[in-house]
Amino acid sequence: QVRLRSPFASQALLGLGWVESGLGNGAAALAIWLPLIERNGSDPAVLEGLLAVPYTLNQLGAQQQALDHYKQAIELYAAGAKWGLKSPFTIPAPLV
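Keep in mind that what you see is a predicted model, and the values were worked out from it rather than measured.

About the criteria used
- Residues numbered from 1 in each chain as written.
- Predicted model: local features only at pLDDT ≥ 70, side-chain atom pairs only at ≥ 80, totals over all residues.
- Heavy atoms only, no water.
- Core = buried A, V, L, I, M, F, W, Y, C linked by side-chain atoms within 4.5 Å.
- Buried < 20%, exposed > 50% of the residue type's maximum accessible area, 1.4 Å probe, protein only.
- Contact = heavy atoms within 4.5 Å.
- Axes fitted to C-alpha atoms, helices over the stretch in contact; angles between N-to-C directions.
- Helix = DSSP H or I, 4+ residues; strand = E, 2+ residues; numbered from the N terminus.
- Parallel < 35°, antiparallel > 145°, perpendicular 65-115°, else oblique.
- Left-handed = near helix turned anticlockwise from the far one by under 90°.
- Nonpolar A, V, L, I, M, F, W, Y, C, P; charged D, E, K, R; others polar.
- Phe/Tyr/Trp six-rings, centres within 6.5 Å; stacked < 30°, edge-to-face > 60°.
- Lys, Arg positive; Asp, Glu negative; His and termini not counted.
- Salt bridge = Lys/Arg side-chain N within 4 Å of Asp/Glu carboxyl O.
- Expected span 1.5 Å × (residues − 1).
- Arc of directions from axis to C-beta.

S.K.: Give a detailed account of the nonpolar core, specifying residues and quantitative values.
M.R.: Across soluble globular proteins, nonpolar side chains have a tendency to be buried as a group. Residues L14, W33, L36, L50, V53 and L57 are the most contacted members of the largest nonpolar core, which totals 18 residues. Other than its neighbours up to four places away in sequence, L14 contacts W33, L36, A45, E48 and G49.

Take a look at the structure:
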């Protein structure tokens, strides 16, 4: 169990959504991810959710909604890059 106000809530929601998606429950995954993407945009789990939502919408046949969410994700990622925020997908340099 993870409380929604804990520091691990976003990661837990993202993971739970992927479990539902993997079980073929795209609608259930969206019900989890849509509130997730309203959280703090600097959280890597939220950023991944911004891409998981349109991916799942596309899988469910909602192409226009998927496109709209992809555009939103691009705008948010671009805004983060403009302010110098690092992508959550960068590989850290090895420690020397």
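Still to come is the rest of the account.
S.K.: Can you lay out the packing of helix α1 (residues 9-22) against helix α2 (residues 26-36) for me, pointing to particular residues and giving the numbers?
M.R.: Relative to each other, α1 and α2 sit at 160°, their axes nearing to 8 Å. What the angle tells us is that α1 and α2 run roughly antiparallel. For the pair α1 and α2, the sense of crossing is left-handed. Note on element contacts: α2 touches α1 through A28, A29, I32, W33 and L36, opposite S10, L13, L14, L16, G17, W18, E20 and S21. Of the residues contributing to the contact of α1 with α2, the split by class is 9 nonpolar, 3 polar and 1 charged.

S.K.: Any chance you could break down α2 for me, citing the residues and the numbers?
M.R.: Buried within α2 we find G26, A29, L30, I32, W33 and L36. Summarising the contacts, the buried residues of α2 are in contact with α1 and α3 (44-59).

S.K.: Give a detailed account of the packing of aromatic side chains, specifying residues and quantitative values.
M.R.: Taken as a whole and judged by the stated rule, the model has 2 aromatic pairs. Judged by centre distance (4.8 Å) and plane angle (65°), the rings of W18 and W33 are edge-to-face. You can see W18 sitting in helix α1 and its partner W33 sitting in helix α2, a full 15 residues away along the chain. Overall, the relative accessible area of 33% leaves W18 in the partly exposed class.

S.K.: Now, about the side chain of E20: what can you tell me, with residues and values included?
M.R.: Relative to the helices and strands, E20 resides in helix α1. For the buried E20, no salt bridge is present, and the opposite-charge side chain at shortest range is R39, 16 Å distant. With sequence-adjacent residues up to four places away left out, E20 is seen in contact with N25, A28, A29 and I32.

S.K.: Can you explain α1? Please cite residues and give values.
M.R.: Between its terminal C-alpha atoms α1 stretches 20 Å, which fits the 20 Å expected from 14 residues at 1.5 Å a residue. For α1, the set of buried residues is A9, S10, L13, L14, G17 and E20. On an axial view of α1, the arc spanned by its buried residues comes to 135°, and they lie on one face. Among the exposed residues of α1, those oriented more than 90 degrees off its buried face are Q11 and G22. Check the buried side of α1 and you find it contacts α2 and α3. Immediately downstream of α1, the backbone of G24 shows phi near 85°, a positive value.

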